[in-house]
Amino acid sequence: MEKTVYPRKANYYETDMMGVVHHSNHIRYFEESRIFFMRNIGCDVMEMEQKGIIIPNVDAYGRYFKPIRFGDEVEIEVRLTKFTGAVMEYHYTARLKDSGEIAATGHTQHCFVDKDFKPMSLRRKFPEYYARIKENISEE
């Protein structure tokens, strides 16, 4: 799959007293872009949850380079970089749309569990989702 870019505009309520998007919101932006990516490859997260597939976040990291301010348009490139059927990892690059400058980078790691939060192998229980995700690992 070609890289996936999620467009986002910073909202006023996401900023702090310095007028900058609060660092915790970058992780939310990453999550939004991951959900967007998953939907685009045919793995709608809401549909997966309805089938009993829960995808908790087990690790999140953000590195901040340039401030994102109210009204700024940001493009978040999301890449699936690791997938084992039990664990997946995404990497993100948030760029200011006007200048192309990198505002933040980060990664998140997720696992698959059932509704009782017991680990699940996607390959065994849901091979169709496994195949869709597997074919979208980024080689970059």
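The structure under discussion appears in the preceding block.
What counts and how
- Residues numbered from 1 in each chain as written.
- Predicted model: local features only at pLDDT ≥ 70, side-chain atom pairs only at ≥ 80, totals over all residues.
- Heavy atoms only, no water.
- Salt bridge = Lys/Arg side-chain N within 4 Å of Asp/Glu carboxyl O.
- Helix = DSSP H or I, 4+ residues; strand = E, 2+ residues; numbered from the N terminus.
- Buried < 20%, exposed > 50% of the residue type's maximum accessible area, 1.4 Å probe, protein only.
- Contact = heavy atoms within 4.5 Å.
- Expected span 1.5 Å × (residues − 1).
- Arc of directions from axis to C-beta.
- Core = buried A, V, L, I, M, F, W, Y, C linked by side-chain atoms within 4.5 Å.
- Pairing = 2+ DSSP bridges.
- Axes fitted to C-alpha atoms, helices over the stretch in contact; angles between N-to-C directions.

## Topic: the pattern of salt bridges
In the structure shown here, the tally under the stated rule is seven salt bridges. Notably, a salt bridge pairs Glu 31 with Arg 34, separated by 3.8 Å at the nearest N-O pair. Note that Glu 31 and Arg 34 are positioned in helix H1 (residues 23–40) at a spacing of three residues, about one turn of the helix. A residue is classified by how much of its surface remains accessible, and Glu 31, at 44% relative accessible area, is partly exposed. On the basis of relative accessibility, which here comes to 5%, the residue Arg 34 falls in the buried class. Residues Lys 51 and Glu 47 are paired through a salt bridge, measuring 3.9 Å at the closest nitrogen-oxygen approach.

## Considerations on unusual backbone geometry
For Phe 117, which is not a glycine, the phi torsion comes out positive at approximately 60°. Its location among the elements puts Phe 117 in the loop between strand S5 (102–111) and helix H3 (122–125). Residue class for Phe 117 comes out exposed when judged on its relative accessible area of 57%.

## Observations concerning the environment of Pro 119
Secondary-structure assignment places Pro 119 in the loop between S5 and H3. Residue class for Pro 119 comes out exposed when judged on its relative accessible area of 76%. When sequence neighbours within four positions are dropped, the list of residues in contact with Pro 119 reads Phe 112 and Val 113.

## Observations regarding H1
Here H1 is 18 residues long and its end C-alpha atoms lie 26 Å apart, about the 26 Å a rise of 1.5 Å per residue gives. All of the buried residues in H1 are Asn 25, His 26, Tyr 29, Phe 30, Ser 33, Arg 34, Phe 37 and Met 38. One or two steps after H1, the chain reaches Gly 42, where phi turns positive at roughly 90°.

## Observations concerning helix H4 (residues 127–134)
Along H4, the residues that are buried comprise Tyr 129, Tyr 130 and Ile 133. Across the axial projection of H4, the buried residues extend over an arc of 105°, all falling on one side. Check the buried side of H4 and you find it contacts H1, helix H2 (45–50), strand S3 (73–83), strand S4 (87–96) and H3.

## Details of the nonpolar core
Residues Met 38, Ile 53, Met 88, Phe 112, Leu 122 and Ile 133 are the most contacted members of the largest nonpolar core, which totals 33 residues. Mapped onto this core, the elements with two or more residues apiece are H1, H2, S3, S4, S5 and H4.

## Focus: the sheet that holds S4
With antiparallel pairing, the five strands of this open sheet are ordered in space as S1-S3-S4-S5-S2. Each edge of the open sheet carries a strand with a single partner, namely strand S1 (4–9) and strand S2 (57–64). Neighbouring strand axes in the sheet, compared pairwise and without regard to direction, differ in orientation by 20° on average. Across the face of the sheet, H1 comes into contact with S1, S2, S3, S4 and S5 while running at roughly 135° to S1.

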